[in-house]
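# Fold and contact review
Each chain is listed here by its residues.
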Amino acid sequence: MYQNRNILKGNILTIVKYKMPNQNIDSLIQDIRKDFPILKTGVIYFDNAATSQRPKPVIESLKEFMENENANINRSVHTLSEKAMLHFNESRKIIADFINAEENEIVFTKNATEAFNLLAYTIKEIIPKGKDEIILSEMEHHSNLVPWQEFAKRYNFKLKFIKITKDFELDIEDYKTKLSDKTAIVSITHISNVLGTINPVKEIVELAKKHNVITIIDASQSAPNLKINVKNLDCDFLIFSCHKVLGPTGVGTLYGKYELLKKLPPFNFGGGMIKSVTFEKAEYLDPPEKFEAGTQNIGEVIASAEAIKYLNKIGIKNVEEISSYLYNYAVENLKKIENIEIYNPGKGKSVDIISFNLKGIHCHDVASILNEDKIAIRAGHHCAMPLMKVLKVNGVCRVSFSVFNTREEIDHLIISLKKCQEVFNK
Ligand SMILES: Cc1ncc(COP(=O)(O)O)c(C=O)c1O
């Protein structure tokens, strides 16, 4: 007996019960697909790690805001402004709940990259004296690398990189040898945007705490797929972009423990972040507003909360099940292709990213051939050039799934990849 019941309410999927046996995943995915208008174009979209697609409630929310609610927040007493402010604040609460944070611990930025820059420009103030090392890993996205390179140049800090094993996992023993009382910051990705590796971030944080280290988690690829609980992780900061979580572009989320956000200086200065100003000086608001200078992406923040509500309706447990279902099916079938190199731990955990190369064929050529078959994948260095060096490749092909992808689409991918080999190996 299936325990889940999907009700299509005004064409928007409502999941009543979350528990479901495996064979029902396909029908759940079919229901979810009805909520993604872009799929009507016929695209097989496997580039969700770059940016996800938006379901109807997100699109409708943006439209509703533009048509009926548009006003600036924090500035006026008129009804529209008050309504927008209320909606904006409610959205912050929904996004905070999503990762089990408090409302005032969520700072909105433009994207994840800006959140990393915010930290890299302000964090020096809270680093205890005598510490001058930052630990990253060999699998970081440029967004969690370049801001720290600049920081290191500015303050004469040293960057250290945790190695990856031959199975494309973080080498925790290597981490332990690099961690010391000189370590100021450990900033690590939760899921690699290239390898799909799920890193043991809780263990990484626990080890760091023994040396009084500030911990930052890049949740850009995990927020769309895994249940995140910042209280349980006990990390100091956690970052993700809402456009990868079915939301619109223009909204990054920086979580920070409140007492730390209080101690950080502001990043940008101007309107919206001040308590009072004279010609000589200014006094700043408390977090999160202290970090949100200028007009925010109000409609996009509200639509981001709709995206989170949509994911919550599917149920994060179901999201995880769909990810691992698609992932396992894809890995199993990709492995059957001759002359393929897969860069993935392949442990069957719930991840949604698989990178590979077809031997002797440039990844851009593979992506172009797939594009002819309306299959959208990403090829190249994936903003992880140093990792490409470690893997000894110029680039890789990457497929990344979302809740609306199907096994049939993966079958098409496999057929197209074989076609590609026929074209290039003639
Ligand atoms: C792991 C990881 N970190 C950071 C980012 C940067 O996200 P954004 O471009 O939204 O700032 C990405 C984007 O691909 C990512 O995959």
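As the structure is a prediction and not an experimental result, all values here were calculated from the model.

Thresholds applied
Residues numbered from 1 in each chain as written. Predicted model: local features only at pLDDT ≥ 70, side-chain atom pairs only at ≥ 80, totals over all residues. Heavy atoms only, no water. Phe/Tyr/Trp six-rings, centres within 6.5 Å; stacked < 30°, edge-to-face > 60°. Helix = DSSP H or I, 4+ residues; strand = E, 2+ residues; numbered from the N terminus. Buried < 20%, exposed > 50% of the residue type's maximum accessible area, 1.4 Å probe, protein only. Salt bridge = Lys/Arg side-chain N within 4 Å of Asp/Glu carboxyl O. Axes fitted to C-alpha atoms, helices over the stretch in contact; angles between N-to-C directions. Left-handed = near helix turned anticlockwise from the far one by under 90°. Contact = heavy atoms within 4.5 Å. Nonpolar A, V, L, I, M, F, W, Y, C, P; charged D, E, K, R; others polar. Near = heavy atom within 4 Å. Polar contact = N/O pair within 3.5 Å; in protein donor to acceptor, adjacent residues only side chain to side chain. Areas by Shrake-Rupley, 256 points an atom, 1.4 Å probe, with all protein chains shown as cover. Domains from an automatic or database assignment. Buried area = accessible area lost by both parts, 1.4 Å probe.

## Thoughts on the packing of aromatic side chains
- A full pass over the atoms with the stated rule returns eleven aromatic pairs.
- Judged by centre distance (5.3 Å) and plane angle (85 degrees), the ring pair of Phe46 and Phe401 falls under edge-to-face. Of this pair, Phe46 sits in the loop between strand S3 (44–45) and helix H2 (56–69) while Phe401 sits in the loop between strand S17 (396–400) and helix H14 (407–424), and the two are 355 residues apart along the sequence.
- Note on Phe46: relative accessible area 0%, which makes it buried.
- Its relative accessible area of 2% is what places Phe401 among the buried residues.
- Ring geometry for Phe151 against Phe157: centres 5.0 Å apart, planes inclined by 85 degrees, an arrangement best described as edge-to-face.
- Among the residues examined, Phe157 registers a relative accessible area of 11% and is labelled buried.

## Considering the pattern of salt bridges
- Across all of its chains, the model carries 21 salt bridges by this definition.
- Between Glu102 and Lys231 there is a salt bridge whose closest N-O contact spans 2.8 Å. Of this pair, Glu102 sits in the loop between helix H3 (79–98) and strand S4 (106–109) while Lys231 sits in helix H8 (residues 230–233), and the two are 129 residues apart along the sequence.
- The exposure class assigned to Glu102 is partly exposed, which follows from its relative accessible area of 39%.
- Overall, the relative accessible area of 44% leaves Lys231 in the partly exposed class.
- In this structure, Asp132 engages Lys182 in a salt bridge whose closest nitrogen and oxygen atoms are separated by 3.5 Å. Of the two residues, Asp132 sits in the loop between helix H4 (112–122) and strand S5 (133–137) while Lys182 sits in the loop between helix H6 (172–178) and strand S7 (183–189), which places them 50 residues apart along the sequence.

## Topic: the packing of H2 against helix H10 (residues 298–314)
- Running from N to C, H2 and H10 point in directions that differ by 150 degrees, and their axes come no closer than 8 Å. By crossing handedness, the relation of H2 to H10 is classed as right-handed. In this structure, H2 uses Pro57, Val58, Ser61, Leu62, Phe65, Met66 and Glu69 to contact H10, whose residues at the interface are Ile298, Gly299, Glu300, Ile302, Ala303, Glu306, Ala307 and Tyr310.
- A breakdown of the residues in the contact of H2 with H10 according to their chemical character gives ten nonpolar, two polar and three charged.

## Details of the site of the ligand
- Near the ligand there are 14 residues, and of these Thr113, Asp218, Ser241, His243 and Lys244 occur at the shortest range.
- Between Asp218 and the ligand, the recorded distance is 2.6 Å, taken from a side-chain N or O atom to a nitrogen atom.
- The contact in question runs from an oxygen atom of the ligand to an N or O atom on the side chain of His243, over 2.7 Å.
- Protein contact buries 89% of the 400 Å² of open area that the ligand shows by itself.
- Considering only residue class, the shell around the ligand consists of two nonpolar, ten polar and two charged.

## Details of the domain arrangement of the protein chain
- If you check the domain split of the protein chain, you get domain 1 (6–54 + 314–424) and domain 2 (62–312).
- Computed from C-alpha coordinates alone, the two centres of domain 1 and domain 2 are separated by 27 Å.
- Taken together, the 42 residues of domain 1 in the interface contact 34 residues of domain 2.
- Across the domain 1 to domain 2 interface the summed buried area is about 3000 Å²; carbon plus sulfur atoms make up 56%.
- On the domain 1 side of the interface with domain 2, the three residues burying the most area are Ile316, Pro345 and Leu387, jointly 18% of the side's total.
- On the surface where domain 1 and domain 2 come into contact, there are 22 residue pairs in polar contact (both at pLDDT 80 or more).
- Put simply, the parts of the chain that give the side of domain 1 that touches domain 2 at least two residues each are helix H11 (316–334), strand S13 (340–343), strand S14 (353–358), helix H13 (385–391) and S17.
- Element by element, the count of residues in the side of domain 1 that touches domain 2 is highest for H13, at six residues.

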